[in-house]
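In case you want the letters, here they are:
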Amino acid sequence: MTLAGWHINRHPLLDGNKHGMSGAVLNSYIDHALLINQSYQHWTGQYLISTNDPEEVLVMLNTASFAVVSHGLETPPVFNYGNLLALQIFEYSFEQFIQLPSQESANPAQRDERAAMFDKLKTTGYDDSYSGVRVTASGREFTMQNAEVWTLVDPMGRTHGHAAKFSDWHYL
């Protein structure tokens, strides 16, 4: 789907130095992209991004043809990552998105259903059939179908939050 008015090369993580991002901050996002990729592999047996170069994982994840978002474990969970397509769909800048409590992206009528899906993830770790209505920054609603949602786990088995991937969506 083409989204008018958005520029494909405007994700701050693609050019951290131009956005005043320190090397340490950029490295933390590289580490987070690796966590998303490796956690997906943990649950599905395949990687979202097939490369061994950590920086390339971040670049390819940011410019993927599918949307990817993640949130942490704080209460309430706050988004800590959105790739370019996700930012376009949700109509947020990266800086705005990573301040948004993730539950606020859900249609209020569907927040209980969303919470039930996260409860299910406590035992399964992965769901490949999640569907729901989300709300953009401008208040426009969109539906996503067959989204994959998974628990972010590091190699030591520690949980760091959740991530979601979707490519089947449309505005309502």
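Residues numbered from 1 in each chain as written. Predicted model: local features only at pLDDT ≥ 70, side-chain atom pairs only at ≥ 80, totals over all residues. Heavy atoms only, no water.

On to the side chain of Glu-91. The residue Glu-91 is located in the loop between helix H3 (84-90) and helix H4 (94-97) in this model. A distance of 2.5 Å separates polar atoms of two side chains, one belonging to Glu-91 and the other to Ser-138. Polar contacts involving the side chain of Glu-91 include one to the side chain of Arg-140, which spans 2.8 Å. (Helix = DSSP H or I, 4+ residues; strand = E, 2+ residues; numbered from the N terminus. Polar contact = N/O pair within 3.5 Å; in protein donor to acceptor, adjacent residues only side chain to side chain.)

The full count for this structure, using the stated rule, is 5 salt bridges. Between Lys-122 and Asp-119 there is a salt bridge, with the nearest N and O atoms lying 3.3 Å from each other. Of this pair, Lys-122 and Asp-119 both sit in helix H5 (residues 111-124), separated by 3 residues, roughly a single helical turn. Residue Lys-122 is classed as exposed on the basis of its relative accessible area of 68%. Residue Asp-119 is classed as partly exposed on the basis of its relative accessible area, which comes to 46%. Residue Asp-127 pairs with Lys-120 through a salt bridge whose shortest N-O separation is 3.9 Å. Given the relative accessible area of 8%, Asp-127 is considered buried. (Salt bridge = Lys/Arg side-chain N within 4 Å of Asp/Glu carboxyl O. Buried < 20%, exposed > 50% of the residue type's maximum accessible area, 1.4 Å probe, protein only.)

Another point: the environment of His-32. Mapped onto the elements of the fold, His-32 is located in helix H1 (residues 23-44). Classification of His-32 by relative accessible area gives buried; the value is 12%. Among all residues touching His-32, those that are not within four sequence positions of it are Ser-70, Asn-80, Tyr-81 and Leu-152. Of note is the side chain of His-32, whose polar atom sits 3.3 Å from the side chain of Asn-80. (Contact = heavy atoms within 4.5 Å.)

Within this structure, the stated rule accounts for 11 aromatic pairs. Between Tyr-40 and Trp-150, the aromatic rings sit 4.9 Å apart at their centres with planes inclined by 70°, giving edge-to-face as the arrangement. Taken together, the positions of Tyr-40 in helix H1 and Trp-150 in strand E4 (residues 141-153) put the pair 110 residues apart, joining distant regions of the chain. Like Trp-150, Tyr-40 is buried. Lying over the aromatic face of Tyr-171, Arg-140 brings its terminal NZ or CZ to 3.6 Å of the ring centre. The ring of Phe-66 is capped by Lys-165, whose NZ or CZ atom sits 4.8 Å from the centre of that ring. (Phe/Tyr/Trp six-rings, centres within 6.5 Å; stacked < 30°, edge-to-face > 60°. Lys NZ or Arg CZ within 6 Å of the ring centre and 35° of its normal.)

Between the first and last C-alpha of H5 there are 20 Å, a value that for 14 residues agrees with the 20 Å anticipated at 1.5 Å per step. Within H5, the full set of buried residues consists of Arg-114, Met-117, Phe-118 and Leu-121. Along the long axis of H5, the arc covered by the buried residues comes to 100°, so they all point the same way. What points out from H5, more than 90 degrees from its buried face, is the exposed set Asp-112, Lys-122 and Thr-123. In this fold, the buried residues of H5 make contact with strand E1 (67-71), strand E3 (126-135), E4 and strand E5 (159-166). Once H5 ends, the next one or two residues include Gly-125, with phi positive near 80°. (Expected span 1.5 Å × (residues − 1). Arc of directions from axis to C-beta.)

Here the protein chain averages 88 in pLDDT, and 87% of its residues register 70 or above. Across residues 1-9, confidence stays below pLDDT 50; counting only partners more than four residues off in sequence or on other chains, it has 16 contacts. (pLDDT = per-residue confidence, 0-100.)

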